[in-house]
Amino acid sequence: MGGGVSGATFNGPAAFIAGDHGTQHVHLVYQWRPAYRVEDYPLDASPVSARLLAGQPSRLLRAAHRAVPFTGRGRDLAKLADWRDDPADRLAVRLVHGPGGQGKTRLAARFAELSRAAGWTVWQAVANETGADPLAAGPAPELGAGVLLVVDYAERWPTADLRRLLQDPLVHRTGVPVRVLLLARPAGLWWESLETWIGDTLDTLAESHPLRPLADDSTTRADLFRHARDSFADLLGLPAATAALIRPPQDAELDEDYGQVLTLHIAALAAVDAALHQEKAPDNPARASAHLLGRERAHWRALHQRSSQPLATAPESMGRAVLTATLTRPLARPHGLIALARVGLADSSAAANTLLDDHRFCYPPQPGDPAGGVTVLEPLYPDRLGEDFIGLATPAARGTAHPVAGAVTDDWAHQAAERLLRTPGDADAAAPWTRDVLIVLIETARRWPHVATGQLFPLLRNHPELALLAGGTALTTLAGLDDVDFSVLDAVRKRFPSERNTDLDVGIAAVTARLARHRLATIPDDPVARAQVQDELAVRQARAGLRRPALLAARGAVEDWRAPAAENPDVHAADLAASLVNLGVYLSASGQPEEALTVTEQAADLYRALAETDRAAHESDLGAALNNLGIRLAAAGRQREALAVTEQAVEIRTRLVALDLAAHGSDLAGSLNNLGIRLAALGQHHEALVATVRGTELYRELAAKDPHAHEPDLATSLTGLGVFLAEVGQRGAALEVTEQAEEIWRRLAAANPIAHERDFALTLNNLGIRLAEAGLLREALATGEQAVEIRRRLAEDDPAAHEHDLAVSLTNLGSYLSGLGRPNEALAASEETAEIRSRLAARNPADHDRDLAISLNNLAGVLSTLGRHREARRTAERTVEIWRRLAEENPAAHAPSLALALAMTAHVIAATGELDEALRITGESVEIYRSRIGAAPALLSRLVDVMEMQASILDALGRTGEATQLRRWIAGTAGTAETAT
């Protein structure tokens, strides 16, 4: 990727062979940001001089020069054209992915050319080197039919920067359709995360486009080889008759490496150059690369030895500079000076600048690159050739043969990467090239095993912290190497933070899973060791949002712990209890509440017994188990039992915090929030608010010190606080804290949607409610639609875990649509909600009857608005029936909802003309509200609404005096409420 030629368009030799300094297309920059810039896509082939080609034939492999006419890929181009021209989406994103050398950049170049011919403006986004100077932006262009934005090396971009690009005003304010084409080698976790974020945040379509091998059979490979051979022969001056004698490599049919177009082009170019010099053509891909790199070395030597203006840099030093550049990628000159000093190539600024200038003479920036004037250390292109250069230059381990006999190696190469990555005087400061060096090494190690064993693995074994500094993507890639050294992965694992880390969690989970598979295979008869491995794996996977794998690992851990705990309870009962606690969490998250309650009760019983024997050792764990048990009991509808055990957890943790805030503060804050939820469920709203305020303030203090560890908890606490503030009538404050929670979750979900988008959707749902309470219905609708979209996608993947959440958001969406006068759309949302909740309540009435009643109440209102009064009455009466039953069991929690349902029923009945019956029902609703206002002042506004309905019914019955008296009372009550507010 980033190089190669077969996918480009070539207009003939005359346009290609120019003078020594042929004209170049100059890119116009349209947007400059510190992390990236948006500029013209280079659609014209960049010329290169015949003199340079004679010394550096590998230049013909650069995508910018387009030496070989584009061929094939008709289906891919047709799919891309359909995607581009689809009128349904103003913004759409597509990922083209495949191994290096598959032809991604060449396909993009051809598609860009065709798009411009179709009237589209074509741009590219390029990552800036750290510390790059700003570039001047040109005037906004005429955009034509739309904008195609191409992003190469997308997987190497920092996630935050790529998302920032996709949100850039330049992308969203063009006024024409925009298509973003991403190019990358893998389409793994990084893409799954980005795809989810695009759907959630940008509300647009994102899809992947795997690029299949173009050379997938012997005939096609031979044709592609001859096609490239003839183009290269023409450009290099080899007679056509002589070129025709050059045959495809003998093993082209068998060696899968030749399935890559770039491998065939390298082979063809090497064979043509060998024929020009009357040498034997290389007989395999590695030797073809070695041949072309040999020509590079001859070029360095010639420049150093020429009689006029020779380069000061000797060939050996130039080779080392080229290897350094291949590892670091382009750098700003100040960083280039530091890099050369690190690797021992210059002992002074003057010497370093000379080497940088000589290297730049040999390898100038990509043609037309507007940043080329301020960057140095341009790497070898295409990437595959640069990786081969590292593989060929790096010696094999002592006593073993290099994979390519006769390769020109350099002992210096062994330590190059380690020297670049060392951080003298500051172990926590990563060099700006850290990420690129590790990515290049890992990619090189895929094809050159001796680089993995001799360079990459020793580097990470000695400095495992580097893998973490490179970020989650590098960790995931490292874990995916076929022959990875498990001792290296273990060394990296030992540097993992003990707490969750929103930047690293996905990579940590990948490394832990790879290690776990290896370790479990070696300890089939050691249940303690197996349980420990699976416990760790479950925790790491859960933090990365991988719920199903976490549940599977947790089940395995519990089963492995049971026998040791039975045989030696003094040693292993606590281990079993800890695994049971975690299993309960994962079961609950996966939509299995009954089993979650069972295992959590088992854990609490074990910890109670252990704490009776050794309070100091086990009281903290008992607090955790009781905290979770309260959650499980509440989910089962056993609210009073849930409150009792949660109060026990708060009591224990309050005592522990008095001894050590740092160790137990987060635990206490969590239990306080849960206590608030338990109290609210029993109608004790003021007490709930007091507990939640305490928990939130504690989380604020902790998050200020360690955001990575505590921001998710703070966001959760703020969301709950918003609910309780609204319950007691403090709606302005409720909206404010919920907006704070939404901001945190949006940022966390952008970094790791797998782990955080469920919580993000919950907060969006609550924010919609708060906005609606503030009268901001349009804003509430937009927020509610986003929550529904996320939860619908989650429910499609895992209905048991997410269908309930989807119904919640659909309920609110229906309310917003009704309030905005869109009853038909509201009806669709309300009917879907009722259907989901009817199904859930049929399976588990205790858990879902309350939710079903809420949905039916809303559905009745929408049906009444649409004039479907009979259906509305049946639905409303069914709602009242459910709420009566629930209010008999728990009046404090459910009586207000019964009053609301009665008011809705009265409204529906009044619409049919049965005014006396409607008046009777409103009277019952009023009495309930009056009896509850002391405990929940926020109900006053609902009471006023029902009494207004009563007054209207009295007017309709001709009882105007009673109606007038009632309105006077309402006016006095509303004035009191306004003053209190």
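The numbers attached to residues start from 1 for each chain and follow its sequence in the written order. Only residues with pLDDT of at least 70 get local features here, since the model is predicted, and only at 80 or more are side-chain atom pairs given and counted; chain-wide, interface and lining totals rely on the full set of residues. Note that water and hydrogens are dropped before the side-chain values are worked out from all heavy atoms of the structure.

Visitor: What's the story with the overall build of the protein in this structure? I'm lost.
Guide: The helix and strand tally for the protein stands at 42 helices and eleven strands. Projected onto its principal axes, the C-alpha positions of the protein cover 110 × 70 × 55 Å. Classification of residues uses two cut-offs on accessible area relative to the type maximum, computed with a 1.4 Å probe and protein chains only: under 20% is buried, over 50% is exposed, and between them is partly exposed. Looking at the protein residue by residue over its 981 residues, the buried ones come to 55%. Working rule for contacts: check all heavy atoms of both residues, and any pair within 4.5 Å makes them a contact. The contacts of the protein with a sequence gap of at least 6 include a subset with a gap of at least 24, amounting to 71%. Here, Shrake-Rupley sampling with a 1.4 Å probe gives the accessible areas, and only protein chains in the shown set may cover a residue. Summed over all atoms, the accessible surface of the protein reaches about 39,900 Å², with 52% contributed by carbon and sulfur. Secondary structure is summarised from DSSP: a helix means a run of H or I of at least four residues, a strand means a run of E of at least two, and numbering begins at the N terminus for each.

Visitor: Would you mind showing me how to read the packing of aromatic side chains here?
Guide: Ring pairs are drawn from Phe, Tyr and Trp, using the six-membered ring of Trp, whenever the two centres fall within 6.5 Å, and their geometry is named by plane angle: stacked under 30 degrees, edge-to-face over 60, tilted for the rest. A full pass over the atoms with the stated rule returns four aromatic pairs. Ring geometry for Tyr36 against Trp157: centres 5.8 Å apart, planes inclined by 35°, an arrangement best described as tilted. Within this pair, whereas Tyr36 is found in strand 3 (residues 36–40), its partner Trp157 is found in the loop between strand 7 (147–151) and helix 5 (159–166), the two being separated by 121 residues in sequence. What makes Tyr36 buried here is its relative accessible area of 1%. Arranged with centres 6.5 Å apart and planes meeting at 40°, the rings of Trp83 and Phe111 form a pair that is tilted. Placement of the pair is Trp83 in helix 3 (residues 74–85) and Phe111 in helix 4 (residues 104–117), with a sequence separation of 28 residues. Each member of the pair, Trp83 together with Phe111, is buried. Here the basic side chain of Arg329 rests over the ring of Tyr153, its NZ or CZ set 5.0 Å away from the ring centre. Charge-over-ring placement is defined geometrically: NZ (Lys) or CZ (Arg) within 6 Å of the ring centre, and within 35 degrees of the ring normal.

Visitor: So what exactly am I meant to see when it comes to the environment of Gln648 here?
Guide: With respect to the element layout, Gln648 can be found in helix 28 (residues 639–659). Along the sequence, Gln648 and Gly630 sit 18 residues apart, while their C-alpha atoms lie 9.6 Å from each other. Contact partners of Gln648, with chain neighbours within four places excluded, come to Arg608 and Leu626.

Visitor: Honestly, helix 35 (residues 799–819) in this entry has me stumped. Any pointers?
Guide: Two residues of an α-helix separated by three or four positions point the same way, owing to the 3.6 residues in each turn. Each residue after the first adds 1.5 Å to the expected span of a helix. Here helix 35 contains 21 residues, and its C-alpha end-to-end distance of 29 Å stays within 8% of the 30 Å for a straight helix at 1.5 Å per residue. Where helix 35 ends, the next residue or the one after it, Gly821, has phi of about 75°, a positive value.

Visitor: When you look at the pattern of salt bridges in this model, what are you seeing that I'm missing?
Guide: Oppositely charged side chains can pair when the atoms bearing their charge come close. Any carboxyl oxygen of Asp or Glu that lies within 4 Å of a side-chain nitrogen of Lys or Arg is treated as forming a salt bridge with it. According to the stated counting rule, one finds 57 salt bridges in the structure shown. The residue Asp230 makes a salt bridge to Arg229 at a minimum N-O spacing of 3.0 Å. Its relative accessible area of 6% is what places Arg229 among the buried residues. Arg493 is the salt-bridge partner of Asp490, the closest N and O atoms lying 2.9 Å from each other. Placement of the pair is Asp490 and Arg493 together in helix 21 (residues 486–493), with a separation of three residues, close to one helical turn. Both residues of the pair, Asp490 and Arg493, belong to the buried class. Overlapping salt bridges bring together Asp490, Arg493, Lys494, Arg519 and Glu536 as one network.

Visitor: Please clarify how the pairing of strand 7 should be interpreted in this entry.
Guide: Note on strand geometry: in a regular strand, side chains alternate between the two faces of the sheet. Counting buried positions along strand 7 yields five of five residues, so the element is predominantly enclosed. Taking every second residue as pointing to the same face, both faces of strand 7 are buried, with Val147, Leu149 and Val151 on one and Leu148 and Val150 on the other. Pairing between two strands requires that DSSP report at least two bridges joining them. Relative to strand 7, strand 6 (residues 121–127) runs parallel, the two being bridged by five bridges. Counterpart to Trp123 in the pairing with strand 7 is Leu149. Here five bridges tie strand 7 to strand 8 (residues 178–184), and the two strands are oriented parallel to one another.

Visitor: Got a minute to help me understand the nonpolar core in this structure?
Guide: Nonpolar side chains tend to gather and get buried jointly when the protein is soluble and globular. By size, the foremost hydrophobic cluster in this structure holds 71 residues, and its most contacted members are Leu323, Leu327, Leu456 and Leu475. The residues contacting Leu456, other than those within four sequence positions of it, are Leu438, Leu441, Ile442, Ala445, Val451, Leu478 and Leu481. Grouping buried Ala, Val, Leu, Ile, Met, Phe, Trp, Tyr and Cys residues that are joined through side-chain atoms within 4.5 Å yields what is termed a nonpolar core. Counting 64 residues, the second largest nonpolar core, distinct from the first, contains Ala841, Ala895, Ala906 and Leu966.

Visitor: Is there a simple way to explain the packing of helix 11 (residues 285–305) against helix 15 (residues 383–393) in this structure?
Guide: Angle between the axes and distance between the axes: these two values describe a pair of packed helices. Viewed as axis vectors pointing N to C, helix 11 and helix 15 meet at an angle of 85°, and their least axial separation amounts to 10 Å. What the angle tells us is that helix 11 and helix 15 run roughly perpendicular. Contacts between helix 11 and helix 15 involve Pro285, Ala286, Ser289, Ala290, Leu293, Arg297 and Trp300 from the former and Arg384, Leu385, Asp388, Phe389 and Leu392 from the latter. Lys, Arg, Asp and Glu make up the charged group, whereas Ala, Val, Leu, Ile, Met, Phe, Trp, Tyr, Cys and Pro make up the nonpolar group; the residues left over, Gly among them, are polar. For the contact of helix 11 with helix 15, the residue count by class is eight nonpolar, one polar and three charged. As a rule, the C-alpha atoms of each element are fitted with a line to give its axis, helices using only the stretch in contact, and angles between N-to-C directions run from 0 to 180 degrees. Angular relationships are summarised with four words: roughly parallel below 35 degrees, roughly antiparallel beyond 145, roughly perpendicular across 65 to 115, and oblique for the angles in between.

Visitor: Explanation requested: the side chain of Asp805 in the structure shown.
Guide: Within the secondary structure layout, Asp805 lies in helix 35. Sequence-distant contacts of Asp805, defined by excluding residues within four places in its chain, comprise Arg758 and Arg791.

Visitor: It is not clear to me how helix 40 (residues 915–932) should be interpreted in this structure. Could you clarify?
Guide: Taking 1.5 Å per residue, 18 residues should reach 26 Å; helix 40 reaches 26 Å between its end C-alpha atoms and fits that length. What helix 40 keeps buried is the set Ala918, Leu919, Ile921, Thr922, Ser925, Val926, Ile928, Tyr929 and Arg932. The elements touched by buried residues of helix 40 are helix 39 (891–911) and helix 41 (940–956).

Visitor: Teacher, can you tell me more about the environment of Arg329 here?
Guide: By the secondary structure assignment, Arg329 is in the loop between helix 12 (315–328) and strand 10 (331–332). Each C-alpha atom of the pair Arg329 and Thr220 lies 34 Å from the other, and the pair is 109 residues apart in sequence. Filtering out sequence-adjacent residues up to four positions away, Arg329 remains in contact with Tyr153, Arg156, Leu377, Pro379, Tyr381, Asp383, Asp436 and Val440. A 3.5 Å cut-off defines polar contacts: any pair of N or O atoms within that distance qualifies, except that in protein one atom must be a possible hydrogen donor and the other a possible acceptor, and neighbouring residues in sequence count only when both atoms are side-chain atoms. At a separation of 3.3 Å, a polar atom in the side chain of Arg329 contacts the side chain of Asp383.

Visitor: What should I look at first to understand the pairing of strand 5 (residues 91–97) in this one?
Guide: Strand 5 sits mainly inside the fold: seven of its seven residues count as buried. Pairing between strand 5 and strand 8: seven bridges, direction parallel. Each residue of the ladder has a partner; that of Val96, found in strand 8, is Leu183. Here strand 5 pairs with strand 9 (residues 205–210) via six bridges, running parallel. Each bridged residue has a counterpart across the sheet, and for Arg94 the counterpart in strand 9 is Glu207.

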